[in-house]
Amino acid sequence: MKDIGCLTINEDKSNTVHIGKLKDGKRPLPRVLLIDVETLRDSAEEYNLYAEQARE
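Residues numbered from 1 in each chain as written. Predicted model: local features only at pLDDT ≥ 70, side-chain atom pairs only at ≥ 80, totals over all residues. Heavy atoms only, no water.

Some remarks on a negative patch on the surface
And then number 1: There is a patch of like negative charges on the surface, built from Glu38, Asp42, Glu45 and Glu46.
And then number 2: Accessibility expressed as a relative area gives 41% for Asp42, which makes it partly exposed. (Patch = residues over 30% accessible without salt bridge, like charges linked within 9 Å, V, L, I, M, F, W, Y side chains within 5 Å. Areas by Shrake-Rupley, 256 points an atom, 1.4 Å probe, with all protein chains shown as cover. Salt bridge = Lys/Arg side-chain N within 4 Å of Asp/Glu carboxyl O. Lys, Arg positive; Asp, Glu negative; His and termini not counted. Charge placed at Lys NZ, Arg CZ, Asp CG, Glu CD. Buried < 20%, exposed > 50% of the residue type's maximum accessible area, 1.4 Å probe, protein only.)

Focus: helix H1 (residues 37–46)
Because the α-helix completes a turn every 3.6 residues, residues three or four places apart line up on one side.
And then number 1: Between the side-chain oxygen at the start of H1 and the backbone nitrogen of Glu38 there is a gap of 3.2 Å, and the oxygen is on Asp36.
And then number 2: Positive phi appears at Asn48, one or two residues downstream of H1, with a value of about 60°. (Polar contact = N/O pair within 3.5 Å; in protein donor to acceptor, adjacent residues only side chain to side chain. Helix = DSSP H or I, 4+ residues; strand = E, 2+ residues; numbered from the N terminus.)

Some points on the environment of Val17
And then number 1: Within the element layout of this structure, Val17 appears in strand S1 (residues 16–18).
And then number 2: Considering only alpha carbons, one finds Val17 and Leu29, 12 residues apart in sequence, at a separation of 9.8 Å.
And then number 3: In contact with Val17, not counting residues within four places along its chain, are Asn10, Pro30, Arg31, Val32 and Leu34. (Contact = heavy atoms within 4.5 Å.)

Some thoughts on a nonpolar patch on the surface
And then number 1: Nonpolar side chains collect at one region of the surface, where Met1, Ile4, Leu33, Ile35, Val37 and Leu40 lie side by side and expose about 490 Å² of accessible area between them.
And then number 2: Tracing the backbone shows Ile4 in the segment before S1.
And then number 3: You can call Ile4 partly exposed: its relative accessible area is 37%.

So, the environment of Asn10
And then number 1: Structurally, Asn10 is set in the segment before S1.
And then number 2: Judged by its relative accessible area of 13%, Asn10 falls in the buried class.
And then number 3: With 24 residues separating them in the primary sequence, Asn10 and Leu34 have C-alpha atoms 7.8 Å apart.

These figures capture arrangement, not role.
Structure (structure tokens):
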């Protein structure tokens, strides 16, 4: 994903962000990757991955 430019960098120069905290405010939810979905979709179309996924 990094090679095709799908990973996005946030203001902390990281590829991940916390998605929030639990209601008690004490425990953060997991970190997740920042993904540029449009670039990912374009790459999938380029390599014809949608057609293969539709067959499954």
